[in-house]
Amino acid sequence: MPTRARKKSEDRRVNMRRRRDATTTTNVHHLGTMDVTCSGCDALHFTAEHDTTNSVVFKNCCHKAKVKLHPISSSIFLQELIQKDDQTSKEYLKNIRKYNAAHQMVSMQAELEENPGHGVYYYKIHGQVYHSIGPLLTNDSHPARNASVYTYDVDEAVQQRMSNTYNAECDANLMKHISNYIHQVNPYAQQFKTMHNLWLEEQSLAESENRNTREVCMYLHGSCSPDGHPGRYNDASGTEKIATIFKSSDGAPPLNNNRDIVIYLLTGGIRQVPILSNIIDPLTYPLLFPNGDKGWDMNMEHIQENRTVSRFKVTLLQYVSYRLSVRPGFSLLHRSQKLFLQYIVDIYVRIESQRLTYIRMNQSKLRADLYCNVMDFMIRESNELGVVPGKMVILPSSFIGSPRNMHERYLDAMRIIQVCGKPSLFITFTANPNWDEIKTTIQPENRPENCERKDFRWSCGARLYN
């Protein structure tokens, strides 16, 4: 036998021996049951996640008992709508994103990639996410959308929502039930209606006094309540002020906080909602936060007895980790399926946006002045091309996913090969719905025997590509 053929045969036998040894000696790893409760926040964890040397306190849920948030207000109406095993529940879960978009008060824009219609459902976007809001009153050329629909009565609002071609697959009766519920319990929806009624009163009063109609604006509080202002109309239904409606001759609101949102009736145009506002979540996802529960606020602090001296503020990532942790009982957030995936992607983009904003505003701390030669090169090149150079922002290698970060990871991988030699196996794996960990923890309505399509809601994933 030739030397080359003999060597190939020997290599083949070695590889077969390796595969046989791998199948006979490898044990299946199992995380155990999801019944270990965090003593700091009651979040559930798998048995393998618990380190027996420490107390039962985890970092990825409450940051080792430093974060404590109020639970999201319950909704019996939406809970029954999700848990009932009937055609209405299936219709609601199938088009839950459309029902939410029909009732949201702040518009969310993103470049979506449509699902191919087969396989596992996913929510995938490209680029940035924008949240915007426009005037409350619209004309014939701009049909009522988002917050402007709440100026109508329920029956008229349902007609406006069903006239949108995006909602063609939605059920009109279910849309009416949801609209009636949101109009009754959501405090922001009630404020939009109050603002419209005040505008009608101002029109009648201006006509009787023979004067021009003053602009009516609403001030949605993204933080603490503002100072007193003459002519404002506060919500008296609750102890916490969520909005202030005021009249002004020049249309200028007493705004001194970049986290608050001003709603105009006729003017103002389309405006972007600040990502630091803690009312983005209830305005964008009324079917996840129907009672108007506020989201993350930059003034949130850790628990007094567990905080440190230098870092005592709750970050957006810590807030989201707390909210996404699984706890006993019904969770409207986790049981909303497609809408839950959209919320995860949306909040992830906001976290990344905050990180990039911090890097842009703290270039001096990152010693960006050391890259002056790079800036000189850019200025020289821009002068030769006849263009105006922009502002240089250095993206550090610590930012995960950046070109420098990927280059460093590549160099580390090549160094491992230099020290340890070439790898024998290149192993990849994907989630398997038949894993015991999934079978024992998945919710009843997501089990394959309860789904119309066995691969549709059985294993869902949220993916984001920039």
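The following paragraphs examine the structure supplied in this document. (Residues numbered from 1 in each chain as written. Predicted model: local features only at pLDDT ≥ 70, side-chain atom pairs only at ≥ 80, totals over all residues. Heavy atoms only, no water.)

## Quick word on the layout of surface pockets
Argument step 1. Put simply, the second largest pocket is a space of about 1,100 Å³.
Argument step 2. Surrounding the second largest pocket, 29 residues form its lining, Thr315, Leu316, Gln354, Arg355 and Tyr358 being those nearest its centre.
Argument step 3. For the lining of the second largest pocket, a count of residues per class yields 16 nonpolar, eight polar and five charged. (1 Å grid on protein atoms, 1.4 Å probe; cavity = no way out; pocket = protein on both sides within 12 Å on 5 of 7 lines; lining within 4 Å. Points joined across faces, edges and corners; volume = space filled by probe spheres on them. Nonpolar A, V, L, I, M, F, W, Y, C, P; charged D, E, K, R; others polar.)

## Describing the sheet that holds strand 3 (residues 107–112)
Argument step 1. Pairing within the open sheet is antiparallel, and its three strands lie in the order 3-5-10. A strand with exactly one partner marks an edge of an open sheet, and here the two such strands are strand 3 and strand 10 (271–272).
Argument step 2. In this structure, strand 3 lies alongside strand 5 (residues 125–133), joined through five bridges in antiparallel fashion. Directly across from Met108, in strand 5, lies its bridge partner His131.
Argument step 3. Contacts from helix 11 (residues 338–361) reach strand 3 and strand 5, with the element oriented near 90 degrees to strand 5. (Pairing = 2+ DSSP bridges. Helix = DSSP H or I, 4+ residues; strand = E, 2+ residues; numbered from the N terminus. Contact = heavy atoms within 4.5 Å. Axes fitted to C-alpha atoms, helices over the stretch in contact; angles between N-to-C directions.)

## Quick look at the packing of aromatic side chains
Argument step 1. Counted according to the given criterion, the structure contains four aromatic pairs.
Argument step 2. Seen in terms of ring centroids, Phe77 and Tyr181 are 4.7 Å apart; in terms of plane orientation they differ by 25 degrees. Their pairing is stacked. With Phe77 in helix 3 (residues 76–83) and Tyr181 in helix 7 (residues 172–185), this pair connects stretches of sequence that are 104 residues apart.
Argument step 3. When its relative accessible area of 13% is taken as the criterion, Tyr181 is described as buried.
Argument step 4. The structure contains a cluster of three or more aromatic residues connected by ring pairs, namely Tyr285, Phe289 and Tyr343.
Argument step 5. Sitting over the face of the ring of Tyr150, Arg161 holds its NZ or CZ atom 5.0 Å from the ring centroid.
Argument step 6. Between Arg327 and the ring centre of Tyr322, over which it is positioned, the NZ or CZ distance is 4.0 Å. (Phe/Tyr/Trp six-rings, centres within 6.5 Å; stacked < 30°, edge-to-face > 60°. Buried < 20%, exposed > 50% of the residue type's maximum accessible area, 1.4 Å probe, protein only. Lys NZ or Arg CZ within 6 Å of the ring centre and 35° of its normal.)

## Some words on the environment of Cys38
Argument step 1. Among the structural elements, Cys38 can be located in the loop between strand 1 (36–37) and strand 2 (44–45).
Argument step 2. The exposure class of Cys38 is buried, given its relative accessible area of 0%.
Argument step 3. Counting along the chain gives 19 residues from Cys38 to Val57, while the straight-line C-alpha distance between them is 5.1 Å.
Argument step 4. Sequence-distant contacts of Cys38, that is, excluding residues within four places in its chain, are made with Ala43, His45, Val56, Val57, Phe58, Cys61 and Cys62.

## Considering unusual backbone geometry
Argument step 1. Backbone geometry places Asp42, a non-glycine residue, at a positive phi of 70 degrees.
Argument step 2. Note that Asp42 resides in the loop between strand 1 and strand 2.
Argument step 3. According to the relative accessible area criterion, Asp42 is partly exposed, its value standing at 43%.
Argument step 4. Of note, the phi angle at Gln337 is positive, near 50 degrees, even though the residue is not glycine.
Argument step 5. By the secondary structure assignment, Gln337 is in the loop between helix 10 (316–324) and helix 11.

## A few points about empty space enclosed by the protein
Argument step 1. All chains considered together, the criterion is met by one cavity of 30 Å³ or more.
Argument step 2. What the largest cavity holds in volume is close to 50 Å³.
Argument step 3. Every residue lining the largest cavity is listed: Ile275, Ser277, Asn278, Asp281, Gly295, Trp296, Leu316, Ile347 and Arg350.
Argument step 4. The residue inventory of the lining of the largest cavity, partitioned by class, reads four nonpolar, three polar and two charged.

## Regarding the nonpolar core
Argument step 1. Ranked by internal contacts, the top residues of the largest apolar core, which has 69 residues, are Tyr92, Phe192 and Leu287.
Argument step 2. Looking at this core element by element, the count peaks at eight residues for helix 11. (Core = buried A, V, L, I, M, F, W, Y, C linked by side-chain atoms within 4.5 Å.)

## Some remarks on the side chain of Ser75
Argument step 1. Here Ser75 is to be found in the loop between helix 2 (59–62) and helix 3.
Argument step 2. Judged by relative accessible area, Ser75 falls into the buried class, the value being 5%.
Argument step 3. Reaching out from Ser75, the side chain makes a polar contact with the backbone nitrogen of Leu78 at a distance of 3.3 Å.
Argument step 4. Those residues in contact with Ser75 that sit more than four places away from it in its chain are Tyr181, Pro290 and Leu332. (Polar contact = N/O pair within 3.5 Å; in protein donor to acceptor, adjacent residues only side chain to side chain.)

Any functional reading would require information beyond the geometric quantities listed.
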